[in-house]
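The primary structure of each chain is shown beneath.
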Amino acid sequence: YNSSLVTWEGYNGTQWTGLGGGNPWASTSSSITVAANDRYFVDTSGAAKTITLPASPQAGDQVRFVDLAGTFDTNNLTIGRNSEKIMGAAEDLVITQENAGIGLVYSGSTYGWRLIEN
C-alpha cells in the first residue's frame, strides 16, 4: 500500500504501478514524463504542454489524459513518444480537440502505443 498516493500498487518487474485500473488521477499544468498506468487531468490553459510517455513500457501498460480546462484546441497537448511508436507511426501525437479525453495501451514495439479511448 502506497500511503503517499493512497493507493494499492504492484511491482511489474520495472517499477511500482497502480492496481485495479491504474494509478490515482492527478492534475498537471506542466510538461511531464508519465509512468505506466498514470492518469492525468492536463491543464493547457496557460500554454501548450508535452506529456512524454514511459521510456520502457511493457505490453498492456496504459495511460490516460483528459483536457481539464477545455483548451487543447488553442493550446495543444503533445504526447511525446519517447522512442516508441504511437499508432504504428514514429512520430508524436498532437491532441487538438477541445475537451478531449484519450487512453493509450502499449502493444509492443511493432505498433507501439494504440488508442483505446478517444
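Computed from a predicted model, the values in this text were never measured in an experiment.

Draft legend 1. Region of the structure containing the pairing of strand β8 (residues 77–80). Taking every second residue as pointing to the same face, both faces of β8 are buried, with Leu77 and Ile79 on one and Thr78 and Gly80 on the other. Across four bridges, strand β6 (residues 49–52) lies against β8 in parallel orientation. From the neighbouring strand, Ile51 faces β8, where its bridge partner is Ile79. Summarising the sheet, β8 and strand β9 (residues 93–95) pair through three bridges and their orientation is antiparallel. Bridge pairing links Leu77 to Ile95 in β9.

Draft legend 2. Main features of the nonpolar core. Counting 18 residues, the largest nonpolar core has Ile51, Leu53, Phe65, Leu77 and Ile79 as its most contacted members. With three residues, the single largest contributor to this core is strand β10 (residues 101–106). Once you skip the residues sitting within four places of it in the chain, Ile79 turns out to touch Ile51, Leu53, Phe65, Ile86, Asp92, Leu93, Ile95, Ile102 and Leu104.

Draft legend 3. Summary view of the environment of Val42. The topology assignment puts Val42 in strand β5 (residues 39–42). Sequence-wise, Val42 and Ser27 are 15 residues apart; in three dimensions their C-alpha atoms are separated by 5.9 Å. Those residues in contact with Val42 that lie beyond four places of it in its chain are Thr28, Ile51, Phe65, Val66, Asp67, Leu68, Ala69, Phe72 and Leu77.

Cut-offs and rules
- Residues numbered from 1 in each chain as written.
- Predicted model: local features only at pLDDT ≥ 70, side-chain atom pairs only at ≥ 80, totals over all residues.
- Heavy atoms only, no water.
- Buried < 20%, exposed > 50% of the residue type's maximum accessible area, 1.4 Å probe, protein only.
- Helix = DSSP H or I, 4+ residues; strand = E, 2+ residues; numbered from the N terminus.
- Pairing = 2+ DSSP bridges.
- Core = buried A, V, L, I, M, F, W, Y, C linked by side-chain atoms within 4.5 Å.
- Contact = heavy atoms within 4.5 Å.

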